Amino acid sequence: MSKSADILSMPTDKIPVLEVSDIQATVLRPRPSPYRGQYVVLRIDDAAQGREMLRRIIPYIAPADDWWLPTLPGWMGIGLTYHGLKALGLPATSLETFPQEFREGMASRASILGDVGDSAPANWEYPFGTPDMHVAIAIYSKDEESLETTLALARQSHHDLPMISVVYRLRFSELPNGCNPFGFRDGLHNPNVEGSGAVVHPGSGRPVKAGEFIMGYPDELGATAISPEPEVLRRNGTFVAFRKFHMRVAAFRHYLREQASSPEDEDLIAAKMVGRWRSGAPLVLAAEQDDPELGADQDRNNAFGFGDDTHGLKCPFSAHIRRVNPRDALRNELVATNLHQFLRRGTNYGPPLPESVMEDDGAQRGGVFLLIGVHQRQQFEFVQSQWITDGNFISHGREEDPILGNGGGDGIFTIPKRPVRRRLHGLPQFVAVQGGEYCFMPGLRALKWLAGLEAGATA
Amino acid sequence: MTVAQHAQVVKSASASIARPGAKAGQTSEFTLISKLKPGAAERVRALLADGFTGERQKNTDRIATVHDLRFVIFDNDTRIIFASTFDGGWEKYIDDFGGIIPDEIDLLFHEFEGYPGINHPSIKDWIVAQQVTAVGFYSAYPSASVRDIWKALKIKGAVDTLLDVASN
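Described in the following lines is the structure provided in the data block.

Thresholds, definitions, all that
Residues numbered from 1 in each chain as written. Chains lettered and ligands numbered in written order. Predicted model: local features only at pLDDT ≥ 70, side-chain atom pairs only at ≥ 80, totals over all residues. Helix = DSSP H or I, 4+ residues; strand = E, 2+ residues; numbered from the N terminus. Buried ≥ 20, exposed ≤ 12 C-beta atoms within 10 Å, placed from the backbone. Contact = placed C-beta atoms within 7 Å. Pairing = 2+ DSSP bridges. Nonpolar A, V, L, I, M, F, W, Y, C, P; charged D, E, K, R; others polar. Axes fitted to C-alpha atoms, helices over the stretch in contact; angles between N-to-C directions. Left-handed = near helix turned anticlockwise from the far one by under 90°. Core = buried A, V, L, I, M, F, W, Y, C linked by C-beta atoms within 7 Å. Expected span 1.5 Å × (residues − 1).

## Concerning the overall build of chain B
Working step 1: Regarding its fold elements, chain B presents seven helices and four strands.
Working step 2: The secondary structure elements of chain B, listed N-terminal to C-terminal, are α-β-β-α-α-β-β-α-α-α-α.
Working step 3: Considering chain B as a whole, with its 168 residues, one finds that 15% of them fall into the buried category.
Working step 4: Partitioning the intrachain contacts of chain B with sequence separation of at least 6 by distance along the chain shows that 72% fall at a separation of at least 24.

## What to know about the pairing of strand β2 (residues 74-80) of chain A
Every regular strand shows the same layout, with side chains that alternate between the two sheet faces.
Residue and element names in this part refer to chain A.
Working step 1: Most of β2 sits inside the fold, with seven of its seven residues counted as buried.
Working step 2: On β2, burial covers both faces: Gly-74, Met-76, Ile-78 and Leu-80 on one face and Trp-75, Gly-77 and Gly-79 on the other are all buried.
Working step 3: Two elements, β2 and strand β3 (residues 135-141), share seven bridges in a ladder whose sense is antiparallel. Counterpart to Trp-75 in the pairing with β3 is Tyr-140.

## Some points on the environment of Ile155(B)
Residue and element names in this part refer to chain B.
Working step 1: Among the structural elements, Ile-155 can be located in helix α7 (residues 146-166).
Working step 2: Since 11 C-beta atoms lie within 10 Å of it, Ile-155 is described here as exposed.
Working step 3: It is 25 Å that separates the C-alpha atoms of Ile-155 and Phe-52, two residues lying 103 residues apart in sequence.

## Examining the interface of chain B and chain A
Working step 1: Between chain B and chain A, the residue contacts involve four residues of the former and four residues of the latter.
Working step 2: When grouped by side-chain class, the residues that make up the side of chain B that touches chain A number two nonpolar, one polar and one charged.

## Structural notes on unusual backbone geometry
Working step 1: Residue Pro228(A) is reached from Ser227(A) by a cis peptide bond, and omega for that bond is 0 degrees.
Working step 2: Within the fold, Pro228(A) resides in the loop between β4 (164-173) and α9 (231-234).
Working step 3: The omega angle of the peptide bond from Glu229(A) to Pro230(A) is 5 degrees, so this bond is cis rather than trans.
Working step 4: The topology assignment puts Pro230(A) in the loop between β4 and α9.
Working step 5: Phi at Ser395(A) is positive, roughly 55 degrees, even though this residue is not glycine.
Working step 6: Tracing the sequence through the fold places Ser395(A) in the loop between α14 (380-388) and β8 (411-415).
Working step 7: Note on Ser395(A): 8 C-beta atoms within 10 Å, which makes it exposed.
Working step 8: In this structure, Asp77(B) is a non-glycine residue whose phi angle is positive, near 65 degrees.
Working step 9: Residue placement: Asp77(B) occurs in the loop between β3 (66-74) and β4 (79-87).
Working step 10: By C-beta crowding, Asp77(B) is classed as partly exposed, having 15 other C-beta atoms within 10 Å.

## A closer look at the packing of helix α3 (residues 47-57) of chain A against helix α15 (residues 444-451) of chain A
All names here are of chain A.
Working step 1: Contact geometry of α3 with α15 gives a least axis separation of 8 Å together with a crossing angle of 145 degrees. With respect to the hand of their crossing, α3 and α15 are arranged in left-handed fashion. Judged by residue contacts, Arg-51, Leu-54 and Arg-55 of α3 engage Leu-447, Leu-450 and Ala-451 from α15.
Working step 2: Classifying every residue of the contact of α3 with α15 by side-chain character gives four nonpolar, no polar and two charged.

## Remarks on the sheet that holds β4(B)
Working step 1: Strands sit in the order β1-β2-β4-β3 (chain B) across an open sheet of four strands; the sheet is antiparallel. With partners counted over all chains shown, the strands left at the sheet margins are β1 (23-24) and β3 of chain B, one partner each.

## What to know about the nonpolar core
Working step 1: Counting 114 residues, the largest nonpolar core has Val27(A), Met76(A), Ile137(A), Ile214(A) and Val240(A) as the members making the most contacts within it.
Working step 2: One finds Phe86(B), Trp90(B), Ile105(B) and Phe112(B) within the second-largest nonpolar core, a separate group that totals 16 residues.

## Overview of the environment of Arg344(A)
All names here are of chain A.
Working step 1: As for its position among the elements, Arg-344 is in strand β6 (residues 343-349).
Working step 2: Residues Arg-344 and Ala-241, spaced 103 residues apart in sequence, show a C-alpha to C-alpha distance of 9.7 Å.
Working step 3: Residue contacts for Arg-344: discarding those within four places in its chain leaves Asn-190, Phe-369 and Leu-371.

## Re helix α11 (residues 263-274) of chain A
All names here are of chain A.
Working step 1: Over its 12 residues, α11 runs 17 Å from end to end, which matches the ideal 16 Å to within 8%, given 1.5 Å per residue.
Working step 2: Of the residues making up α11, those classed as buried are Leu-268, Ile-269, Ala-270, Ala-271, Lys-272, Met-273 and Val-274.
Working step 3: The inward-facing, buried residues of α11 contact α10 (249-259), α13 (320-324) and β8.
Working step 4: Phi turns positive, to about 100 degrees, at Gly-275, one or two residues after α11.

What follows is the structure, encoded as C-alpha cells:
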C-alpha cells in the first residue's frame, strides 16, 4: 500500500496548459497587499433578472491572465451556491450532477465539520445556512478610492433589478503589517499549482496537479472531472468553501497571560500554538525566539519541513500550521497529503484590538477564508474534520487545533519538551464560525453560458 | 442429579473438546448466527435502543474479558448475528456470562430460536451448533487483554497528571 502512496507523490511529465483567460483570478491570483474590499451576497427572486445581473457583471470578473497588469481599479470574483444556480433556472438534470456537499450546503455538514456550540449553524449570521444565499461576490481593491469605483460597477449590475436583493455585505481590509487579528502575519503559504505561472518561492512544495484546483485538467490521481454537467459549465470552474470567523482576541491574550510565566513565555506559547512567531518566522527555523527578518523574507519563511523535527521539539505536532499543512511530517504514514491541499484566499475584517488591551471591546473582528479546490470532501472537509478538530492522526487523542479547535474551556494543547512535556489545559474557543457556504466558481465562458440560459432550457 | 450437578458434569466433560472460533494471540473471535423467534426483531431493537449505556454498560464491564460485542439483525428481520472478541478460553467466556450476568444474557438471547437459557445444561451444545468460525480474524493488539488495556489507560492518565505536575 505504501507503494501506491509513492506513486501518488511522483510527478508526471506532461503539464497541461491552463486556460488562464477563462479561470477566475481569485482562484489563481493572490489578493493584493495592502488590500481593501467587500464581500457581497445577493438573492435572486427572478431567474431572468438573475441572468441579466450576471450578464452585466461578467465584464468585471477578472480572469487569471490579467495577473501582473490589472486593467481595473479592482477585481471581482463570483461564486454561486446550489440555491443560486437553481434561482438562475439551471435545470434539475444539471443540478443533481453537483457534488453532495455542495447540494446539501455547509450548514448540513456541521457535524462532520465540527461546527458545534458557538460555531453551530443556528448561531450563524443571516443569510448563511439558509436558502437565501445565492450569489457571493468578492471585491478586491488596493485602496478606498478604487474600492468605491469597483463597488459602483458591481452595484450597476443590479441597482434597477427589483428582484435582486443584497442580503449581506462585509467590508474587509488589511491590518497593520499584514497580520491577522491575533497579531500573526498570515496568508504565507499556498500550494504551488502546476502550470499556473505563479511565482514559486522556496518551500512551496512540489507542484500540485491543476486538476485538484480547477476542473478540466488531470488531478493528482490522473483523473479529470466528469461532473458537474454539462462540460461547458464545469470547465475551468472550481468550488470554494466560504468561511467567516469571529476571532476572540481578548480571550486569546487572557489565556496566554494566565498560562505564561513571563512576557517572553507568552510569545513562546503563542508561537507554539501557531507554529510561527508573530513575524511569520517558522519555529522549525527559529526555535528559540522571533526572527522578524526571516519572517518577512518570502524566500526563506516557507523553506522548511518537519522531517528534522520528528519529536515536535521545535514545532509541536499540534501546532496550527503543522496540522493544516503537514508538509513532510506524515511521510511515514499511509496518508496522501497531496490529496488534501486547497488554495486559501484569506482576508481580515474589523479593527485591530489595540496592543496590550486585555478586555473585549465588543467589536466584530476576524477573518474570511475562501478555501478553493475541486474535491472539497477530500480537501477542506478532510482537513477540518481529521486534522483540525481531532488529534488521533498525531496520536493526540481528541486534542484539537489550539487556534481553530472547539476548546470550549476544556481543550488541551501539548508542547513536546525535554525532559518533560508541557501541556496546557482549559483552552477556550478562540475562533467561532459565523457563517459558511459552498460556492461554485465557474470559468468566464461558463458564466456567460449561465447568463444565456433560457427559461425551460435543458442542459 | 440436580441441574447444577449436571451442568458441572457437562462443563468438565466439554473442557477438552475443541471449540469453534479463530484466535489472534490470546484473543478469540466469537460469531453466532441464529434464527430469530417470530416478531422478535422489533423487540430486540427496542431492547437495545439505548445501546450499552448505564447499567448495561456496567454489567457488561463486570465480565472484563470482552473487547467488544455486537448484535446484527439481517435476512428481513428473520436472523441475527452476535459477534464479539474476548480474552482467554471459550469455556470460561461462556461460564462467565452464566456466572456473572445470567439475567442480562437471558434477556438479550431469549429471542434467539432454540436458546435454552444460559445456565441450562445444553447451552454449550446449542452455542456450538450456532457458532461459525471466522475465516479471517485480525487484532491490532493480540497480546493485550481488556484488563491490560484498562490498566494502560489508567497509567496513561496517571502519567499525564504526573507530567503536568512536573512541568509546572
